[in-house]
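One-letter residues, chain by chain:
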Amino acid sequence: MSQRQGCPLCSATSSSLPEGYLSRRTTNKEPRNVSSRSALSGSLGLANADHTTLLLNTYTKLKDVVRLDSFIKTESRRNAKADGGDAEELPFDLVTAIRVCRQAGYFEHASYLAKKYDRHEDYLRIQIEDAGNFADALALCKLMNHLVG
């Protein structure tokens, strides 16, 4: 088989697998190796929703809070846009990161992301539905009311 043809079995198999199958399989077998490779991909700006899910699931499964903190608190990069302005680019998919942290029970991390990136609805849901922190939810509502009114 030539390199141009690729592997027909691989392309047919990967497209017919359920979404997330390869991520779960890889994470269950070699979680430490996955975190190293995925962290490198993120630092190169190659992160997408699947990458974010894989990496965060690995950190939470290993209970590696130090790496989770480091990943979550990574600052966005500034990239030049075509129109001459700057665009902030996170090294992870924000919506996915909040969802995965919530599902894994890392509510403080999910709250941190939601608050930092002004995802007010997500922040309120985390505080009310997950953390039971009604005082913080109410404080945000009052602040938003004050800013609007």
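Whatever comes next refers back to the structure up there.
Here the structure is a predicted model, which means the values were calculated and not measured.

**With respect to the packing of aromatic side chains**
So, step 1. This model, assessed by the stated rule, comprises two aromatic pairs.
So, step 2. With a centroid separation of 5.2 Å and an interplanar angle of 45°, the aromatic rings of F71 and F92 are classed as tilted. One end of the pair, F71, is in helix α5 (residues 65-72); the other, F92, is in the loop between β2 (86-89) and α6 (94-104), with 21 residues separating them in the sequence.
So, step 3. Judged by its relative accessible area of 9%, F71 falls in the buried class.
So, step 4. Each member of the aromatic cluster is reached from another via a ring pair, and the members are Y59, F71 and F92.
So, step 5. Above the ring of Y112, the side-chain terminus of K73 is found at 5.2 Å from the ring centroid.

**Side note on unusual backbone geometry**
So, step 1. Of note, the phi angle at K63 is positive, near 55°, even though the residue is not glycine.
So, step 2. If you trace the backbone, K63 turns up in the loop between α4 (49-62) and α5.
So, step 3. The exposed category is assigned to K63, whose relative accessible area is 64%.
So, step 4. Positioned with a positive phi, D118 is a non-glycine residue whose angle comes to about 55°.
So, step 5. Among the secondary structure elements, D118 is positioned in the loop between α7 (107-116) and α8 (120-130).

**Let's talk about α6**
So, step 1. Regarding α6, the residues found buried are L94, T96, A97, I98, V100 and C101.
So, step 2. On its buried face, α6 is in contact with α4, α5, α7 and α8.
So, step 3. Following α6 by one or two positions, G105 has its phi on the positive side, about 85°.

**Quick word on α4**
So, step 1. With 14 residues, α4 should reach 20 Å at 1.5 Å per residue; the first-to-last C-alpha distance of 20 Å fits that figure.
So, step 2. Within the sequence span of α4, burial applies to H51, T52, T53, L54, L55, L56, T58, Y59 and T60.
So, step 3. K63 sits one or two positions beyond α4 and adopts a positive phi of about 55°.

**A few points about a nonpolar patch on the surface**
So, step 1. Residues L143, L147 and V148 make up a contiguous nonpolar surface patch of roughly 330 Å² in combined accessible area.
So, step 2. Along the chain, L143 falls in helix α9 (residues 134-148).
So, step 3. Overall, the relative accessible area of 44% leaves L143 in the partly exposed class.

**Quick look at the packing of α8 against α9**
So, step 1. Look at α8 against α9: their axes get within 8 Å of each other, and the N-to-C directions meet at 155°. For the element pair α8 / α9, the angle class is roughly antiparallel. The handedness of the crossing between α8 and α9 comes out as left-handed. Between α8 and α9, the residues in contact are H120, Y123, L124, Q127 and I128 and F134, D136, A137, L140, C141 and M144, respectively.
So, step 2. Of the residues in the contact of α8 with α9, the class split is eight nonpolar, two polar and one charged.

Quick notes on the rules
Residues numbered from 1 in each chain as written. Predicted model: local features only at pLDDT ≥ 70, side-chain atom pairs only at ≥ 80, totals over all residues. Heavy atoms only, no water. Phe/Tyr/Trp six-rings, centres within 6.5 Å; stacked < 30°, edge-to-face > 60°. Helix = DSSP H or I, 4+ residues; strand = E, 2+ residues; numbered from the N terminus. Buried < 20%, exposed > 50% of the residue type's maximum accessible area, 1.4 Å probe, protein only. Lys NZ or Arg CZ within 6 Å of the ring centre and 35° of its normal. Contact = heavy atoms within 4.5 Å. Expected span 1.5 Å × (residues − 1). Patch = residues over 30% accessible without salt bridge, like charges linked within 9 Å, V, L, I, M, F, W, Y side chains within 5 Å. Areas by Shrake-Rupley, 256 points an atom, 1.4 Å probe, with all protein chains shown as cover. Salt bridge = Lys/Arg side-chain N within 4 Å of Asp/Glu carboxyl O. Axes fitted to C-alpha atoms, helices over the stretch in contact; angles between N-to-C directions. Parallel < 35°, antiparallel > 145°, perpendicular 65-115°, else oblique. Left-handed = near helix turned anticlockwise from the far one by under 90°. Nonpolar A, V, L, I, M, F, W, Y, C, P; charged D, E, K, R; others polar.

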